[in-house]
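Structure at a glance
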Amino acid sequence: MRSINTAYAGLAGNYLFSEVARRVRVYKENHPEADVISLGIGDVSQPLVPAVIEALHEAVDEMSRAETFRGYGPEQGYAFLREAILKHDYLSRGVSLDADEILSSDGEKSDVGNFHELVGEDSIIALTDPVYPVYEDSNAMAGRGGVHENGRWSSIVYLPCTKENNFHPALPEKRVDVVYLCSPNNPTGTVLDRTELEKWVNYARENDSLIMFDAAYEAFIRDESIPRSIYEIPGADEVAVEFRSLSKTAGFTGLRCGYAVVPKKITAKTADGTVLHLHDIWLRRQCTKYNGCPYIVQRAAEAAFMEPARTQMKAVLAIYQGNADMMLKTCEKLGLEAFGGVHSPYVWLRTPGGMDSWSFFDLLLEKAAVVCTPGVGFGASGEGYVRLTAFNTPSLTRAALERLERVLADVRS
Ligand code: MLT
């Protein structure tokens, strides 16, 4: 009999967003007339900005002419894109990196889901709880999970992020090899300030650990004193890999482009003590398994880092920030406890009356045709919460909040 990788066979249920989509599909089949509004998956509603579309068109035209046609490109991305990223995301904030340390891809999910391949098979992984499920699932797929019981993997170290600790994970009690951090956080919408990030960089330096830092939502930070990159913390370039995305900042959820920053200073040892540079190994991995983000997408991404696209994108960001403000105001008016949403497109909402996450999800869907994401899907500490996204249009966000108000009135009466 053919056999299957037991680590994959042990995965629990569906990927979170697939399960949400499945339930919505069933609901729509049973209620074909329903006008469903999604505040669920963080998919953007606003189109690409005009300057990005223009760059995309130009690149498509280049592909039609023999003299400008491009075939395979560099696996880590064209220099024009990596230079644009360096200039606008890093040098502008006083972070000095080399463009070679930036490796572009078809989106951050791929990078953050693949990077664990570089760390030792028996590495101890620490994850915040709740957490973006890709970090957890990908390590479980690699066999680092152990046994899955009561929503947790036995070999993973979980760092609960709760209202009591302001959603700031405490340092692990025992040494871990790798810790995944996400700020602004998906799903809680909260941020790690400079002091918190320094705490983690110091921990990683003292313990020879690696930080996988997910900065997908950095553009939503409204307070200039909050770091947007982990490299704003001195010494982080020896211990941290950073992942970023154009999905939420530039509307590339469908176009696909992201990047990993892998500083050349980060080293790791093989079992026999040989010291290797993670940067070289990541590039080696990408060259074997990947052929690079499409040229036309990289040209569109390059435009997104320059004017006039940047100004156009700020206006789009303001729409989403306005939605998040509207959500927080509504929650306050309704006496609901809500977190995040200030430096983030996500609002982390405590379910009313102590309902569990999936029951509140079902209630909102059944009674209001509104989709949210159940907090428990992000981890055990997410039980009793749901996540709302600010990425829908202002009018649909308003409509969803009005429906939420009506459902609550019914529940409370
Ligand atoms: C989310 O809703 O958490 C994100 O959109 C998922 C993703 O970026 O893959």
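Rules and cut-offs
- Residues numbered from 1 in each chain as written.
- Predicted model: local features only at pLDDT ≥ 70, side-chain atom pairs only at ≥ 80, totals over all residues.
- Heavy atoms only, no water.
- Near = heavy atom within 4 Å.
- Polar contact = N/O pair within 3.5 Å; in protein donor to acceptor, adjacent residues only side chain to side chain.
- Areas by Shrake-Rupley, 256 points an atom, 1.4 Å probe, with all protein chains shown as cover.
- Nonpolar A, V, L, I, M, F, W, Y, C, P; charged D, E, K, R; others polar.
- Domains from an automatic or database assignment.
- Pairing = 2+ DSSP bridges.
- Helix = DSSP H or I, 4+ residues; strand = E, 2+ residues; numbered from the N terminus.
- Contact = heavy atoms within 4.5 Å.
- 1 Å grid on protein atoms, 1.4 Å probe; cavity = no way out; pocket = protein on both sides within 12 Å on 5 of 7 lines; lining within 4 Å.
- Points joined across faces, edges and corners; volume = space filled by probe spheres on them.
- Buried area = accessible area lost by both parts, 1.4 Å probe.
- Salt bridge = Lys/Arg side-chain N within 4 Å of Asp/Glu carboxyl O.
- Phe/Tyr/Trp six-rings, centres within 6.5 Å; stacked < 30°, edge-to-face > 60°.
- Buried < 20%, exposed > 50% of the residue type's maximum accessible area, 1.4 Å probe, protein only.
- Lys NZ or Arg CZ within 6 Å of the ring centre and 35° of its normal.

**A closer look at the site of the ligand**
In the vicinity of the ligand, the contacting residues are F17, I41, G42, K109, Y132, N186, Y217, K248, Y346 and R387. Interatomic distance of 2.9 Å between a side-chain N/O atom of N186 and an oxygen atom of the ligand. Within the contact set of the ligand, an oxygen atom lies 2.7 Å away from a side-chain nitrogen or oxygen of R387. Taking 270 Å² as the accessible area of the ligand by itself, protein coverage stands at 85%. The residue inventory of the shell around the ligand, partitioned by class, reads 5 nonpolar, 2 polar and 3 charged. Residue contributions to the shell around the ligand reach at least three from each of two domains, namely domain 1 (6-47 + 310-412) and domain 2 (52-304).

**Here we look at the sheet that holds strand β17 (residues 385-389)**
In space, the 4 strands of this open sheet follow the order β13-β14-β17-β16, with antiparallel pairing throughout. Two strands close off the open sheet at either side, each with one partner strand: β13 (338-340) and β16 (373-374).

**Side note on the side chain of D237**
Of note, D237 is situated in the loop between β8 (210-214) and β9 (240-245). Side chain to side chain, D237 and K265 meet in a polar contact 2.9 Å long. When sequence neighbours within four positions are dropped, the list of residues in contact with D237 reads Y231, P263, K265 and I266.

**Some thoughts on the layout of surface pockets**
Each pocket or cavity is described by its volume, and for the largest pocket that value is around 770 Å³. Lining the largest pocket are 26 residues, with D208, T267, A268, K269 and L278 sitting closest to its centre. Elements that contribute at least two residues to the lining of the largest pocket include exactly α7 (194-207), β11 (267-269), β12 (275-277) and α9 (278-289). In the lining of the largest pocket, the residues fall into 13 nonpolar, 6 polar and 7 charged. One number sums up the size of the second largest pocket: a volume of about 540 Å³. D89, E218, A219, R228 and R310 are the residues nearest the centre of the second largest pocket, which is lined by 20 residues in total. Listed by contribution, the elements that provide at least two residues to the lining of the second largest pocket are α4 (79-90), β9, α8 (247-250) and α11 (309-333).

**Some words on the domain arrangement of the protein**
One can read the domain layout of the protein as domain 1 (6-47 + 310-412) and domain 2 (52-304). Summarising the inter-unit geometry, the C-alpha centres of domain 1 and domain 2 are found 25 Å apart. On the domain 2 side, the residues contacting the 34 residues of domain 1 number 41 residues. Of the roughly 3,300 Å² buried between domain 1 and domain 2, counting both surfaces, carbon and sulfur atoms make up 61%. By the criterion of area lost to domain 2, the three top residues of domain 1 are Y15, H343 and F378, representing 21% of everything that side buries. A salt bridge links R222 to D325, with the shortest nitrogen-to-oxygen separation between them at 3.0 Å. In this assembly, domain 1 and domain 2 are joined by 12 residue pairs in polar contact (both at pLDDT 80 or more). If you list the elements that add at least two residues to the side of domain 1 that touches domain 2, you get α1 (6-9), α11, β13, β14 (346-350) and β17.

**Things to note about the packing of aromatic side chains**
One pass over the structure, following the stated rule, counts 22 aromatic pairs. With centroids separated by 5.7 Å and ring planes inclined at 75 degrees, the aromatic side chains of F115 and F243 adopt a geometry described as edge-to-face. With F115 in the loop between α5 (108-114) and β3 (125-129) and F243 in strand β9, this residue pair connects regions lying 128 residues apart in the sequence. Across the pair, F243 and F115 agree in class, each one buried. Ring plane angle 65 degrees and centroid distance 5.1 Å describe the contact between Y217 and Y346, whose orientation is recorded as edge-to-face. Of this pair, Y217 sits in the loop between β8 and β9 while Y346 is found in strand β14, placing the two residues 129 residues apart along the sequence. Here the two residues Y217 and Y346 agree in accessibility, since each one is buried. One aromatic cluster is present, formed by Y15, F17, F167, F339, W348, F378 and Y385 through successive ring pairs. Note that R350 overlies the ring of Y385, its terminal NZ or CZ placed 4.7 Å from the centroid.

**Structural notes on the side chain of N185**
Looking at the secondary structure, you find N185 in the loop between β7 (178-182) and α7. Here C182 takes part through its backbone oxygen, which lies 3.1 Å from a polar atom of the side chain of N185. Looking at N185, its side chain comes within polar contact range of the side chain of T188, at 3.0 Å. Those residues within four positions of N185 in sequence are excluded, and the remaining contacts are T190, S344 and Y346.

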